[in-house]
Amino acid sequence: MTRSDLVEELANQFTQLTHRDTEFAVKAILDAMNDALVQGHRIEIRGFGSFSINRRPPRLGRNPRTGESVAIPEKRVPHFKPGKALRVAVDQRNSELESPSKT
């Protein structure tokens, strides 16, 4: 699902909102989440999951072409951990798709 798909879904579900208002709301939510993560805060959405920042320490890597060692600096990367309700829903959906239909 893309951002525009999400806007369309919400606009269809909440017909009292204009498409433009829905687009603004989605943008505002995503911008607020982005700003919180940039500031190092953790975001928790009950039933869905949590977003946090993980630190990757500096390390030595290799250039695949030359084999030369390359110093890779420390990084901070976003991390998503799904909540229990999301994990159960996804697992249940996958189980339904994989089980053979009885005819």
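So, here's what we can say about the structure. Since the structure is predicted, the reported quantities are computational estimates derived from the model, not experimental observations. (Residues numbered from 1 in each chain as written. Predicted model: local features only at pLDDT ≥ 70, side-chain atom pairs only at ≥ 80, totals over all residues. Heavy atoms only, no water.)

What follows is about the overall build of the protein. Summing up its helical and strand segments, the protein has three helices and five strands in all. Put simply, the protein runs from its N terminus to its C terminus through helices and strands in the order α-α-β-β-β-β-β-α. Taken along the three principal axes of its C-alpha coordinates, the protein extends 55 × 45 × 30 Å. On the protein, roughly 8900 Å² of surface is accessible, and the fraction owed to carbon and sulfur atoms is 54%. For the protein, the distance from the average position of its 17 positive side-chain charges to the average position of its 13 negative side-chain charges is 10 Å. (Helix = DSSP H or I, 4+ residues; strand = E, 2+ residues; numbered from the N terminus. Areas by Shrake-Rupley, 256 points an atom, 1.4 Å probe, with all protein chains shown as cover. Lys, Arg positive; Asp, Glu negative; His and termini not counted. Charge placed at Lys NZ, Arg CZ, Asp CG, Glu CD.)

What follows concerns the sheet that holds strand β1 (residues 43-45). Taken in spatial order, the three strands of this open sheet run β1-β2-β5, and their pairing is antiparallel. With one partner strand each, in any of the chains shown, β1 and β5 (75-82) form the two edges of the open sheet. Neighbour-to-neighbour, the strand axes of this sheet turn through a mean angle of 25°, independent of strand direction. Two strands pair when backbone bridges link them, and β1 and strand β2 (residues 49-56) are joined in this way by three bridges, in the antiparallel orientation. When the bridges of β2 are listed, Ile-43 appears paired with Phe-51. (Pairing = 2+ DSSP bridges. Axes fitted to C-alpha atoms, helices over the stretch in contact; angles between N-to-C directions.)

Before going further, it helps to spend a moment on the pattern of salt bridges. A full pass over the atoms with the stated rule returns five salt bridges. Note that Glu-44 and Arg-42 form a salt bridge whose closest N and O atoms lie 3.0 Å from each other. Beyond isolated ion pairs, a larger network of salt bridges with shared partners links Arg-42, Glu-44 and Arg-46. (Salt bridge = Lys/Arg side-chain N within 4 Å of Asp/Glu carboxyl O.)

Turning next to the packing of aromatic side chains. If you walk through the whole model with that rule in mind, you get two aromatic pairs. Judged by centre distance (5.4 Å) and plane angle (45°), the rings of Phe-48 and Phe-80 are tilted. With Phe-48 in the loop between β1 and β2 and Phe-80 in strand β5, this pair connects stretches of sequence that are 32 residues apart. For Phe-48, a relative accessible area of 37% puts it in the partly exposed group. Seen from their ring centres, Phe-51 and Phe-80 are 4.8 Å apart, and the 45° between their planes marks the pair as tilted. Of this pair, Phe-51 sits in strand β2 while Phe-80 is found in strand β5, placing the two residues 29 residues apart along the sequence. By relative accessible area, Phe-51 is classed as buried at 19%. (Phe/Tyr/Trp six-rings, centres within 6.5 Å; stacked < 30°, edge-to-face > 60°. Buried < 20%, exposed > 50% of the residue type's maximum accessible area, 1.4 Å probe, protein only.)

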